Amino acid sequence: MYETASCKVFIFSGDGGDVRSPMAEQKTAQLLTLDLTPRNREAIKPAELIQITGHHLLTLNARRAITILWYNAHRQGIQEGRDYTVEIDDLKPDSHKGYEMVEEAVEALMRTILNVKTPTGRTRVQFLGGNDMDDPERPAGVLTYSFDKRLIKMLAKSTIWGKIALPVLMAFTSKYAVSLYENVAQLVNLERKSHHVYTLDEFRDLLGVQPGRYRTFGELNKHVIKPAVDEINALAAFSLSVVPSKQGKKVTEVAVGWWQKDPDALKEAFQEVHRTKLGRRARISGITETVSPAQPSIGRMMRQDRKRLRPPKTS
């Protein structure tokens, strides 16, 4: 961690390993997120785009789309007023053939106003600008899009980022797992920090939980936190825990802790990312799940019965 008079700047190593030495930090303290080159299938996402609020109405696919669209634009070179392109197939789950989910995600990102954290507070911006999703002359399979110019101006000064593994991102089935994974991804390589404490309200905002839903911590833990933590621990290159803290009988804070996986756990996570999602919940929980063979329809069974009961032909 390198500290300046105005803010704290975290410098990560290029290979995802340990934080650089203090001497290296001093030389690269002003390194900008936009100066970095994203690797294949790994987004370098500015903290300003990770630490957003106001995304509680965004679906799983829309939350993933923020990172995919940023990744493609970053590889093409971020510039104010520029249009970017992305293969539409990159924005949809592997198991989904149509483009309906992509269209819904694009429309949601155009409508949604995000609260982006800056050194001076929070600024409200629209993430996605103009695009040709509905243009009948759009090249087949390709989306052309742009970002809000105010967002680009803010991100041009970004010095804090998280590395997001896109195969892991696309493997999640919980939208809350996406938000929690990305927030911890920007912290996991810090040298002197292995946990962070959030108030319960801050944590709900981080996860993007809709106001009024899951009012008790028991509900929040059952439907949001535990499924998200289980998925992250099964798929990501790090593991994490969420420990509640009470004042009296009420949970008021949570401590999120994280640690790097050992080689065996990394290998298992890699394999799970590339396995079918069918039965994943059972594999994560350790419960054996049996998939029954497909059964014939009632109509087919009735036809088969009639054939069996039909008298044999006589010559």
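Just above, that's the structure.
No experiment lies behind these values; they were computed from the predicted model shown.

## A look at the overall build of the protein chain
Right, so step 1: When helices and strands are tallied, the protein chain shows 12 helices and 12 strands.
Right, so step 2: Partitioning the contacts of the protein chain with sequence separation of at least 6, the portion at a separation of at least 24 is 65%.
Right, so step 3: When the accessible surface of the protein chain is summed, it comes to about 18,100 Å², and 51% of that surface belongs to carbon and sulfur atoms.

## Topic: helix H7 (residues 175-185)
Right, so step 1: In terms of residue burial, H7 counts as a mostly covered element, since 10 of its 11 residues are buried.
Right, so step 2: Residues Tyr176, Ala177, Val178, Ser179, Leu180, Tyr181, Glu182, Asn183, Val184 and Ala185 constitute the buried set of H7.
Right, so step 3: N-cap assignment for H7: the residue whose side-chain oxygen lies 3.2 Å from the backbone N of Tyr176 is Ser174.

## Overview of the pairing of strand E6 (residues 121-126)
Right, so step 1: In this structure, strand E5 (residues 113-118) lies alongside E6, joined through six bridges in antiparallel fashion. Residue pairing across strands places Val116 opposite Thr123, the latter belonging to E6.
Right, so step 2: Taking the residues that link successive antiparallel strands as the turn, the E5-E6 hairpin has two residues.

## What about helix H3 (residues 60-76)?
Think of an α-helix as turning once every 3.6 residues; residues three or four places apart then point the same way.
Right, so step 1: If you check H3, its first and last C-alpha atoms are 25 Å apart, about what 17 residues at 1.5 Å a residue would give, namely 24 Å.
Right, so step 2: Burial of H3 is extensive: 15 of the 17 residues sit out of reach of the surface.
Right, so step 3: Of the residues one or two after H3, Gly77 is the one with positive phi, at around 105°.

## Regarding the pattern of salt bridges
Opposite charge on two side chains permits them to pair, given that their charged atoms come into close proximity.
Right, so step 1: Counting across every chain of the model gives nine salt bridges.
Right, so step 2: Salt-bridge contacts for Glu182 lead to Lys45; the nearest nitrogen and oxygen are separated by 2.6 Å. Residue Glu182 is found in helix H7, and its partner Lys45 is found in strand E3 (residues 42-46); the two are separated by 137 residues along the sequence. Taken as a pair, Glu182 and Lys45 share a single burial class, namely buried.
Right, so step 3: Taking the shortest distance from any N to any O, the salt bridge between Asp230 and Lys226 comes out at 2.9 Å.

## Observations concerning the nonpolar core
Right, so step 1: Of all hydrophobic cores here, the largest spans 78 residues; its most connected members are Phe127, Leu180 and Phe203.
Right, so step 2: Apart from residues no more than four positions distant in its own chain, Phe127 is found in contact with Leu49, Ile66, Leu69, Leu109, Thr112, Leu114, Ser146, Phe147, Asp148 and Leu151.

## Let's talk about the sheet that holds strand E10 (residues 195-199)
Right, so step 1: Across the sheet, three strands lie side by side as E10-E12-E11; this open sheet has antiparallel pairing. With partners counted over all chains shown, the strands left at the sheet margins are E10 and strand E11 (238-247), one partner each. Across this sheet, the average inter-strand angle for adjacent strands is 20°, counted without regard to direction.
Right, so step 2: As judged from the 10 bridges shared by E11 and strand E12 (residues 250-260), these two strands associate in the antiparallel manner. Bridging across to E12, Phe238 finds its partner in Gln260.
Right, so step 3: The strands touched by H7 within the sheet are E11 and E12, with E11 carrying the most contacts at an inclination of about 100°.

## Digging into the environment of Ile66
Right, so step 1: Locating Ile66 in the fold gives a position in helix H3.
Right, so step 2: Exposure remark for Ile66: the relative accessible area of 3% places this residue in the buried category.
Right, so step 3: In this structure, the C-alpha to C-alpha distance between Ile66 and Leu49, residues 17 residues apart in sequence, is 8.4 Å.
Right, so step 4: In this structure, Ile66 is in contact with Lys45, Ile52, Leu58, Leu109, Leu114 and Phe127, ignoring residues within four places of it in sequence.

## Here's the deal with the packing of aromatic side chains
Right, so step 1: Tallied over the full model, the rule gives eight aromatic pairs.
Right, so step 2: Centroid distance Tyr84 to Phe147: 5.5 Å. Interplanar angle 35°. Geometry classified as tilted. Residue Tyr84 is located in strand E4 (residues 84-87), and its partner Phe147 is located in strand E8 (residues 142-147); the two are separated by 63 residues in the primary sequence. Exposure class is identical for Tyr84 and Phe147. Each is buried.
Right, so step 3: Taking the centre distance of 5.3 Å and the plane angle of 65° together, the rings of Phe172 and Tyr181 count as edge-to-face. Exposure class is identical for Phe172 and Tyr181. Each is buried.
Right, so step 4: Connected via pairs of aromatic rings, a cluster forms that spans Trp70, Tyr84, Phe127, Tyr145 and Phe147.

## Details of the sheet that holds E8
Right, so step 1: One open sheet accounts for three strands, arranged E4-E8-E7; its pairing is antiparallel. Looking along the sheet, the strands with just one partner apiece sit at the ends: E4 and strand E7 (128-131). Each strand of the sheet is rotated relative to its neighbour by a mean of 40°, with strand direction disregarded.
Right, so step 2: Pairing geometry for E7 and E8, over two bridges, is antiparallel. Directly across from Asn131, in E8, lies its bridge partner Tyr145.
Right, so step 3: With respect to the sheet, helix H4 (residues 100-111) is in contact with E7 and E8, its orientation differing from that of E7 by roughly 125°.

Criteria and cut-off values
- Residues numbered from 1 in each chain as written.
- Predicted model: local features only at pLDDT ≥ 70, side-chain atom pairs only at ≥ 80, totals over all residues.
- Heavy atoms only, no water.
- Helix = DSSP H or I, 4+ residues; strand = E, 2+ residues; numbered from the N terminus.
- Contact = heavy atoms within 4.5 Å.
- Areas by Shrake-Rupley, 256 points an atom, 1.4 Å probe, with all protein chains shown as cover.
- Buried < 20%, exposed > 50% of the residue type's maximum accessible area, 1.4 Å probe, protein only.
- Polar contact = N/O pair within 3.5 Å; in protein donor to acceptor, adjacent residues only side chain to side chain.
- Pairing = 2+ DSSP bridges.
- Expected span 1.5 Å × (residues − 1).
- Salt bridge = Lys/Arg side-chain N within 4 Å of Asp/Glu carboxyl O.
- Core = buried A, V, L, I, M, F, W, Y, C linked by side-chain atoms within 4.5 Å.
- Axes fitted to C-alpha atoms, helices over the stretch in contact; angles between N-to-C directions.
- Phe/Tyr/Trp six-rings, centres within 6.5 Å; stacked < 30°, edge-to-face > 60°.

These figures capture arrangement, not role.
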